[in-house]
Amino acid sequence: MGYPDKFEGFMISDQKKWTEFKKQEFTPKKFGDHDIDIKIECCGVCGSDVHSINGGWGEVPLPICVGHEVVGHAVKVGSAVKTVKVGDRVGVGAQISACLECQNCKSDNENYCPHGVDTYGAPYGDAISQGGYASHIRSHEYFTFPIPDEIPSHLAAPMLCAGLTTYSPLVRAGVGPGKKVAVVGLGGLGHFGVIWANALGAEVTVISHSPNKKEDALKLGAKNFVVNDKEGWEKPYAFAFDFILNTADMTHTFDIGQYLSMCKVNAPFHQVGLPDEALPAIKPQMFMSNGSSIGASHIGNRPECLAMLKLAAEKKLFPMVETLPISEEGCKEAVTRVSKNKIRYRFTLTDYDKAFGARN
């Protein structure tokens, strides 16, 4: 049958066999007036993809096509669409729809809409949303973003989840000149955190368990690099930081008190890395010495995404990305290496025309 009634994607059918991708057809939601069909050019590989397919975050509807860092070209636009025309290069991140009517949506917090729809694995109209390891994606206009000409597609893709997930909490915290920011972990999320915090004017310190990442951290804009592998490593940084952005997904192994001790008075220790396991026991007394707090956030909103892409285009702020041709083997290699942190620092799947044909 094929497009527009059927899309084709590399899908997982068993979470116990989470590296076994098979190309198969799936049915998208019914096309609506605000919808856009995108012929996908490339898609970033996110840690969320791995946590979803391997069961780390629980069960998902199967079969599932993951991927929520999508870049491609619009091939069909709904009658009410005003921001995109056929042929435009656009991107879709980790959210594909929301009600756009509730108080959260109307206050530019649509990323916290109780009726929000994840880009894959969620009820979406009359179907289950499927992601970007696919020939096409059908997205609501509000969650479809024009990609500036200055940003190559394979570099723009990871910005749409990892980039926005780190950019949003930084700007909402007022990070800028005169602020001191610590980024915990220099991986797919962390290296974006360094790029954005530095570009916003803050002094950035990277905290890592990998001494060999120092050169990359400094190249990305960090002023300081701290290795957290010795007893008392945190003591020189007591009350040092206005904002700590934790991008690691191993927080359940942390001594949380060490990190809270580095917060200035009333400063937050903010989570964007999401471990499979629960955090260790936390007592309220841990926060009393400096009035610190622990928080987390979920991606970002449309204005933040557009501002982030504009900043990246104007300042030529590009992530460190490896590419792989999309195929059953390419998907397997990508998710396997991401699961083992054998990537510097994001993957983008490419060569979609070879896998799916020229398409509409």
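Analysis parameters
- Residues numbered from 1 in each chain as written.
- Predicted model: local features only at pLDDT ≥ 70, side-chain atom pairs only at ≥ 80, totals over all residues.
- Heavy atoms only, no water.
- UniProt positions renumbered as here; feature names shortened; annotations may be inferred.
- Helix = DSSP H or I, 4+ residues; strand = E, 2+ residues; numbered from the N terminus.
- Buried < 20%, exposed > 50% of the residue type's maximum accessible area, 1.4 Å probe, protein only.
- Contact = heavy atoms within 4.5 Å.
- Areas by Shrake-Rupley, 256 points an atom, 1.4 Å probe, with all protein chains shown as cover.
- Lys, Arg positive; Asp, Glu negative; His and termini not counted.
- Charge placed at Lys NZ, Arg CZ, Asp CG, Glu CD.
- Axes fitted to C-alpha atoms, helices over the stretch in contact; angles between N-to-C directions.
- Parallel < 35°, antiparallel > 145°, perpendicular 65-115°, else oblique.
- Nonpolar A, V, L, I, M, F, W, Y, C, P; charged D, E, K, R; others polar.
- Pairing = 2+ DSSP bridges.
- Phe/Tyr/Trp six-rings, centres within 6.5 Å; stacked < 30°, edge-to-face > 60°.

For the protein, the name recorded in an unreviewed UniProt entry is alcohol dehydrogenase (NADP(+)), with Exophiala oligosperma as its organism. Recorded in UniProt under Sequence similarities (unreviewed entry), the annotation for the protein is "Belongs to the zinc-containing alcohol dehydrogenase family."

Student: I'd love a proper account of the overall build of the protein, names of residues and values included.
Tutor: On a plain count of helices and strands, the protein comes out with ten helices and 19 strands. Seen along its three principal axes, the alpha-carbon backbone of the protein occupies a region of about 65 × 40 × 35 Å. Here the protein holds 360 residues, and 55% of them are scored as buried. Partitioning the contacts of the protein with sequence separation of at least 6, the portion at a separation of at least 24 is 72%. Carbon and sulfur atoms form 51% of the exposed surface of the protein, whose accessible area is close to 15300 Å². The positive charge centre, built from 37 side chains, and the negative charge centre, built from 40, are 3 Å apart in the protein.

Student: Describe the packing of helix H4 (residues 162-172) against helix H8 (residues 302-315), and please don't skip the residues or the numbers.
Tutor: Close contact between H4 and H8 brings their axes to 10 Å; oriented N to C, the two are set at 100°. Compared by their axis directions, H4 and H8 come out roughly perpendicular. The segment H4 lies against H8, with Gly 163, Leu 164, Tyr 167, Ser 168, Val 171 and Arg 172 engaging Glu 304, Cys 305, Ala 307, Met 308 and Leu 311. By residue class, the composition of the contact of H4 with H8 is seven nonpolar, two polar and two charged.

Student: Requested: an account of the sheet that holds strand S16 (residues 268-271), with residues and values cited.
Tutor: Sheet strands line up and pair through hydrogen bonds in the backbone, either parallel or antiparallel. In space, the six strands of this open sheet follow the order S14-S13-S12-S15-S16-S17, with parallel pairing throughout. Every interior strand has two partners, whereas the edge strands, strand S14 (224-227) and strand S17 (293-296), have only one. Within this sheet the neighbouring strands show an average axis-to-axis angle of 20°, counted without direction. Bridging between S16 and S17 involves four bridges; their strand directions are parallel.

Student: Break down the UniProt feature "domain: Alcohol dehydrogenase-like C-terminal" (unreviewed entry) in the protein for me, with residues and values.
Tutor: Per the UniProt annotation, the sites labelled "domain: Alcohol dehydrogenase-like C-terminal" (unreviewed entry) are residues 188-313. This span, residues 188-313, is 29% helix and 17% strand, and a straight line between its end C-alpha atoms measures 19 Å.

Student: A description of the packing of aromatic side chains should follow, citing residues and the corresponding values.
Tutor: For the coordinates displayed, the defined rule picks out twelve aromatic pairs. Feature note: the residues Trp 233, Phe 254, Tyr 259 and Phe 269 constitute an aromatic cluster, connected by ring pairs.

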